[in-house]
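# Architecture and fold: a report
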Amino acid sequence: QKAVYQVDDLTAAVQNVAQAQLKDVFGYKTMSAALQGQKAVNEHLQTLFSREFAEWGLEVFRIELLDLSPLAQSQTAMAMKEQMKAERERRAEFIE
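Scoring rules and cut-offs
Residues numbered from 1 in each chain as written. Predicted model: local features only at pLDDT ≥ 70, side-chain atom pairs only at ≥ 80, totals over all residues. Heavy atoms only, no water. Helix = DSSP H or I, 4+ residues; strand = E, 2+ residues; numbered from the N terminus. Buried < 20%, exposed > 50% of the residue type's maximum accessible area, 1.4 Å probe, protein only. Polar contact = N/O pair within 3.5 Å; in protein donor to acceptor, adjacent residues only side chain to side chain. Patch = residues over 30% accessible without salt bridge, like charges linked within 9 Å, V, L, I, M, F, W, Y side chains within 5 Å. Areas by Shrake-Rupley, 256 points an atom, 1.4 Å probe, with all protein chains shown as cover. Salt bridge = Lys/Arg side-chain N within 4 Å of Asp/Glu carboxyl O. Expected span 1.5 Å × (residues − 1). Arc of directions from axis to C-beta.

Mapped onto the fold, Glu64 is located in the loop between helix H4 (38-54) and helix H5 (75-95). Overall, Glu64 belongs to the partly exposed group, its relative accessible area being 42%. Note: C-alpha distance between Glu64 and Glu43 (21 residues apart in sequence) is 8.4 Å. Polar side-chain contacts of Glu64 include one of 2.4 Å to the side chain of Arg62.

Written out as structure tokens, the structure is:
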């Protein structure tokens, strides 16, 4: 009921919260860490969403990110490639 009366555009509001929460989660993790711990990311997001949406009278039962891959030509993808390259070089130097 609160979601209907307190939020003008519920779909847009949910998208805004989702974007903010994803930025929060990935602000503390590298992409490789997120991919390795996708279950932990999903659980963390469910906790964050549950807290946020409870104020609107909504209950979140499950959240699952299905695809964590950024678009191939996005700035995020380019940055990830650079990060992976730097990590490989760092490991190579350590092994030598």
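With that settled, consider the environment of Asp67. Along the chain, the position of Asp67 falls in the loop between H4 and H5. As a C-alpha pair, Asp67 and Gln38 span 29 residues in sequence and 9.9 Å in three-dimensional space.

Take a nonpolar patch on the surface next. Residues Leu10, Val14 and Leu58 make up a contiguous nonpolar surface patch of about 180 Å² in total accessible area. The residue Val14 is located in helix H2 (residues 10-27) in this model.

What follows concerns H2. With 18 residues, H2 ought to run about 26 Å at 1.5 Å a step, and its terminal C-alpha atoms sit 25 Å apart, in line with that. All of the buried residues in H2 are Ala13, Val17, Ala18, Gln21 and Val25. The buried residues of H2 occupy an angular sector of 135 degrees when the element is viewed end-on, so they sit on one face. For H2, exposure combined with an orientation more than 90 degrees from the buried face picks out Thr11, Asn16, Lys23 and Gly27.

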